Amino acid sequence: MSKPAYALPEGLPTPAQEPVALPYWEGTRAGKLVIQKCRGCGKHQWGPEWVCHACHSFDLGWEEVAPRGRIYSWQRPHHPVHPALEGHGPYIIVLVELPGAGNVRMVGNLLGDPAQAVTIGAEVEAVFEPHDTATPPYTLVQWRVVG
Amino acid sequence: MTERTLRGKVAIAGVGETTYYKHGRSPDAEFKLALQAIIAACRDAGVDPQDVDGFASYGNDRSDAPRLAAALGIRELRFSNMHWGGGGGGVAAAVANAGAAVHSGMAHCVIAFRSLAQGQFARYGRGAQQAAAAGDDAFLAPYGLMSPAQRFAMKITRYMTEHGIRHEALRAIALTSYAHAQTNPRAVMAGRPLDAAKYDASRWIIEPFHRLFDCCMENDGAGAVLVVPAERARDMPHKPTYLLGAAQGGHHRSAAPVHNAPDYASAHFPTVARNLWDMAQLGPKDVDVLQAYENFTGGVLLGMLEHGMVRPEEANEFLVPENLRFDGGKLPLNTSGGNLAECYMHGLEMVNEAVRQLRGDACNQVKDPQVAMVIGGPMVTPVSSLILGTEATL
């Protein structure tokens, strides 16, 4: 069995799949982007919180949203901030806004050439990156430029 | 109704600091550094340290008030206060909280301070090293987003790209701090000058706007100021430095999780700056000398813009070293060398420098300044800023 290709080296912190965010993590395992949507006022909310910031309802539903967005901002770190990144070289972090979900934003890595030019506004789509051998398993959401 | 303000009600009567060290080089423990700075500030003010009755700090300072009070033999502790938020976002707020305490009568003589020994404790420029990331970090750390520089970089990318501000504007900020440090004997980077070529050749920490010299140092040391009621300060050894304005906080949902602040490309000062100018009854043009916290040069830019010191469309033109020098610059900036080149004391060294400028005994003395401003650590939440003035500004 070939080793799965991850955007970044193994050994970085894994996500604690906390109760407030559990439907999101369950969604990613199924290849779906699931985020909070208030059942009171219909507002999307991300990151997850216990209360709706708009109407203060605690009745927060979770809804699948289109795994498409556009780059809102970006950075290309060179300096390794973690032992797992020593010697790895630069990589790209993007902040992606989701027009299909009230323009909430998500952070991920931009796949492809780490030296590529990055354009604010560029259309991107989600790529699910399962870490099946982790305990517990989890799936990250990465992004690649569309087209 | 009586006006609710701190303007002119309290003053900084003493400033103190330890020797500043490169990170990990302090021969003394962090708590000892805190004690040294506090005693120095008291001496400067001619006050017996045992008469201090309060402590205010920020950034989860580990030197806690009850231990300080016990160690110093404080007769009576009346005020102990920790301002929420990381890094130096709270530096101005800590001074203001000390001021609020003495103005309200909760205390009489309060120290605002910061102590850091990163050899004894962890450094900031490395991510947390635990295996699982919780809270906001669960959505950031697995993507290699962990350090302070990384937390803020995308704000800077977005703002500078949107407004067409060039990296040279940030270079001017870095060159200014290094130039001023060369004539400040306290500065860790004294004797280590920086020029444009060296800056341009320095390695990327993060593209597109963070070269090595856009980033603050990490240091060991401590700094402290002593805050008393204005009327008492008039009978003390130094010319009083009055608090004219102070504000802290953040605009609407500036701390929204996973980089979801509605006004994202911001240092988080829009409302804070408005409240600051309201209390000070002054405006950006009244500032004679500016100390603006450099965690990263991009944050200095955003902080200056949001306080109205410069407009976005004039930033490229205005942010050149000639305009920022202590001797003849239009807006003297970070005259001691700041976090980049004097010491990363989370901005407390900038409060001390603002006081020295207004007393007229700074090492890079601006000509006859009456109003000094300190902008605390930008891009965190809550942020804070401070306007100080001489007797003539009351």
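Every value quoted in this text rests on a predicted model; they were computed, and no experiment measured them. (Residues numbered from 1 in each chain as written. Chains lettered and ligands numbered in written order. Predicted model: local features only at pLDDT ≥ 70, side-chain atom pairs only at ≥ 80, totals over all residues.)

Quick question: what am I supposed to make of the overall build of chain B here?
The secondary structure content of chain B amounts to 13 helices and 13 strands. In terms of overall dimensions, chain B is globule-like: its C-alpha atoms have a radius of gyration of 19 Å, near the 21 Å expected for 394 residues. If you line up chain B on its principal axes, its C-alpha atoms span 50 × 50 × 50 Å. Out of the 394 residues in chain B, the part that is buried amounts to 61%. (Helix = DSSP H or I, 4+ residues; strand = E, 2+ residues; numbered from the N terminus. Rg over C-alpha atoms; globule rule 2.2 N^0.38 Å. Buried ≥ 20, exposed ≤ 12 C-beta atoms within 10 Å, placed from the backbone.)

Can you walk me through the overall build of chain A in this structure?
Scanning chain A from terminus to terminus reveals one helix and nine strands. The helix and strand sequence of chain A, counted from the amino end, reads β-α-β-β-β-β-β-β-β-β. At 16 Å, chain A has a C-alpha radius of gyration in line with the 15 Å of a compact globule built from 147 residues. Counting only C-alpha atoms, chain A reaches 50 × 35 × 30 Å along its principal axes. A burial count over chain A gives 38% of its 147 residues as buried. Partitioning the intrachain contacts of chain A with sequence separation of at least 6 by distance along the chain shows that 53% fall at a separation of at least 24. (Contact = placed C-beta atoms within 7 Å.)

Would you mind showing me how to read the sheet that holds strand 2 (residues 34-38) of chain A here?
Either a parallel or an antiparallel arrangement is found when strands of a sheet pair, and the pairing is made through backbone hydrogen bonds. Across the sheet, which stays open at both edges, the three strands sit in the order 3-2-4 (chain A) with antiparallel pairing between neighbours. Each edge of the sheet is formed by a strand with only one pairing partner; in this case those strands are strand 3 (44-45) and strand 4 (60-64) of chain A. (Pairing = 2+ DSSP bridges.)

Is there a simple way to explain the nonpolar core in this structure?
Within soluble globular proteins, side chains that are nonpolar tend to cluster in buried spots. Among the nonpolar cores identified, the biggest contains 171 residues, and Ala41(B), Val95(B), Val110(B), Ala112(B), Val225(B), Leu226(B) and Val227(B) are the most heavily contacted of them. Dropping the residues within four chain positions of it, Ala112(B) is found in contact with Ala56(B), Ser57(B), Ala94(B), Val95(B), Ala98(B), Ala224(B), Val225(B) and Val227(B). (Core = buried A, V, L, I, M, F, W, Y, C linked by C-beta atoms within 7 Å.)

Is there a simple way to think about the UniProt feature "domain: Thiolase C-terminal" (unreviewed entry) in chain B in this case?
The positions UniProt marks with the feature "domain: Thiolase C-terminal" (unreviewed entry) are residues 256-389 of chain B. The span residues 256-389 of chain B is 34% helical and 12% strand by assignment, and the distance between its end C-alpha atoms comes to 35 Å. (UniProt positions renumbered as here; feature names shortened; annotations may be inferred.)

Before we go on, may I ask you to explain the pairing of strand 13 (residues 383-389) of chain B in this structure?
Two faces, one strand: in a regular strand the side chains alternate between the faces of the sheet. All names here are of chain B. Counting buried positions along strand 13 gives seven out of seven residues, so the element sits mostly inside the fold. Alternating residues of strand 13 divide into Val383, Ser385, Ile387 and Gly389 and Ser384, Leu386 and Leu388, and every residue in both groups is buried. In this sheet, strand 13 lies alongside strand 10 (residues 241-249) in antiparallel orientation, the contact comprising seven bridges. The residue bridging Ala247 from the neighbouring strand is Ser385, located in strand 13.

Looking at this structure, how should I read helix 1 (residues 22-29) of chain A?
An α-helical turn contains 3.6 residues, so a residue and the one three or four places further along point in the same direction. Residues and elements named next belong to chain A. Along helix 1, the residues that are buried comprise Tyr24, Gly27 and Thr28. Buried residues of helix 1 fall within an arc of 95 degrees about the axis and therefore sit on the same side. Looking at the buried positions of helix 1, the neighbouring elements they touch are strand 2, strand 4, strand 8 (123-131) and strand 9 (138-145). Following helix 1 by one or two positions, Gly31 adopts a phi angle in the positive range, close to 75 degrees. (Arc of directions from axis to C-beta.)

Even after reading the chapter, I still don't get the environment of Arg75(B), so can you show me in this structure?
Residues and elements named next belong to chain B. Relative to the elements of secondary structure, Arg75 occurs in the loop between helix 2 (65-72) and strand 4 (79-83). Judged by local crowding, Arg75 falls into the exposed class, with 11 C-beta atoms found within 10 Å. The spatial distance from the C-alpha of Arg75 to the C-alpha of Ala222 is 23 Å, given a sequence separation of 147 residues. The residues touching Arg75, leaving out its near neighbours within four places in the chain, are Gln50 and Asp51.

Got a minute to help me understand the interface of chain B and chain A in this structure?
Reports often express the size of an interface as the amount of accessible area lost when the parts come together. Taken together, the 34 residues of chain B in the interface contact 34 residues of chain A. Listed by contribution, the elements that provide at least two residues to the side of chain B that touches chain A are strand 6 (132-133), helix 4 (148-163) and strand 7 (204-207) of chain B. The greatest single-element share of the side of chain B that touches chain A, amounting to six residues, is contributed by helix 4 of chain B. For the side of chain B that touches chain A, the class distribution of residues is 19 nonpolar, nine polar and six charged. Two strands pair when backbone bridges link them, and strand 5 (residues 68-77) of chain A and strand 7 of chain B are joined in this way by two bridges, in the antiparallel orientation. Looking across to strand 7 of chain B, one finds that Pro77(A) is bridged to Ile206(B). (Nonpolar A, V, L, I, M, F, W, Y, C, P; charged D, E, K, R; others polar.)

I keep staring at the packing of helix 5 (residues 167-181) of chain B against helix 9 (residues 297-306) of chain B and nothing clicks. Help me out?
Each pair of packed helices can be summarised by the angle the axes make with each other and by the distance between the axes. All names here are of chain B. The contact between helix 5 and helix 9 brings their axes to 9 Å, and the two run at 100 degrees. As the angle between them shows, helix 5 and helix 9 are arranged roughly perpendicular. For the pair helix 5 and helix 9, the contacting residues are Ala169, Leu170, Ile173 and Ala174 in the first and Thr297, Gly298, Val300 and Leu301 in the second. Broken down by class, the residue content of the contact of helix 5 with helix 9 amounts to six nonpolar, two polar and no charged. (Axes fitted to C-alpha atoms, helices over the stretch in contact; angles between N-to-C directions. Parallel < 35°, antiparallel > 145°, perpendicular 65-115°, else oblique.)

Even after reading the chapter, I still don't get helix 1 (residues 30-45) of chain B, so can you show me in this structure?
All names here are of chain B. Between its first and last C-alpha atoms helix 1 spans 23 Å; for 16 residues at 1.5 Å apiece the expected length is 22 Å, and the two agree. Within the sequence span of helix 1, burial applies to Glu30, Leu33, Ala34, Leu35, Ala37, Ile38, Ala40, Ala41, Cys42, Asp44 and Ala45. Elements in contact with the buried residues of helix 1: strand 1 (10-17), helix 2, strand 5 (110-116) and strand 9 (219-229). (Expected span 1.5 Å × (residues − 1).)

Can you help me understand the pairing of strand 9 of chain A in this one?
All names here are of chain A. Of all eight residues making up strand 9, six are buried, and the element is well covered by its neighbours. Of the pairings in the sheet, the one linking strand 8 to strand 9 comprises eight bridges and is antiparallel in character. Looking at strand 9, one finds that Val127 is bridged to Gln142.

Would you mind showing me how to read the environment of His108(B) here?
Residue and element names in this part refer to chain B. Note on placement: His108 falls in the loop between helix 3 (91-104) and strand 5. The sequence separation of His108 and Val380 amounts to 272 residues, and the corresponding C-alpha distance is 30 Å. Look past the residues within four positions of His108 in its chain and what remains in contact with it is Asp53 and Val102.

I keep staring at unusual backbone geometry and nothing clicks. Help me out?
Trans peptide bonds make up most of the peptide bonds, and negative phi angles are found at most residues other than glycine. With an omega of -10 degrees, the peptide bond between Thr135(A) and Pro136(A) qualifies as cis. Geometrically, the link from Glu207(B) to Pro208(B) is a cis peptide bond, its omega value of 5 degrees lying close to zero. Of note, Pro208(B) is situated in the loop between strand 7 and strand 8 (210-211). Phi at His56(A) is positive, roughly 70 degrees, even though this residue is not glycine. Position of His56(A) among the secondary structure elements: in the loop between strand 3 and strand 4. Judged by C-beta crowding, with 10 C-beta atoms within 10 Å, His56(A) ranks as exposed.

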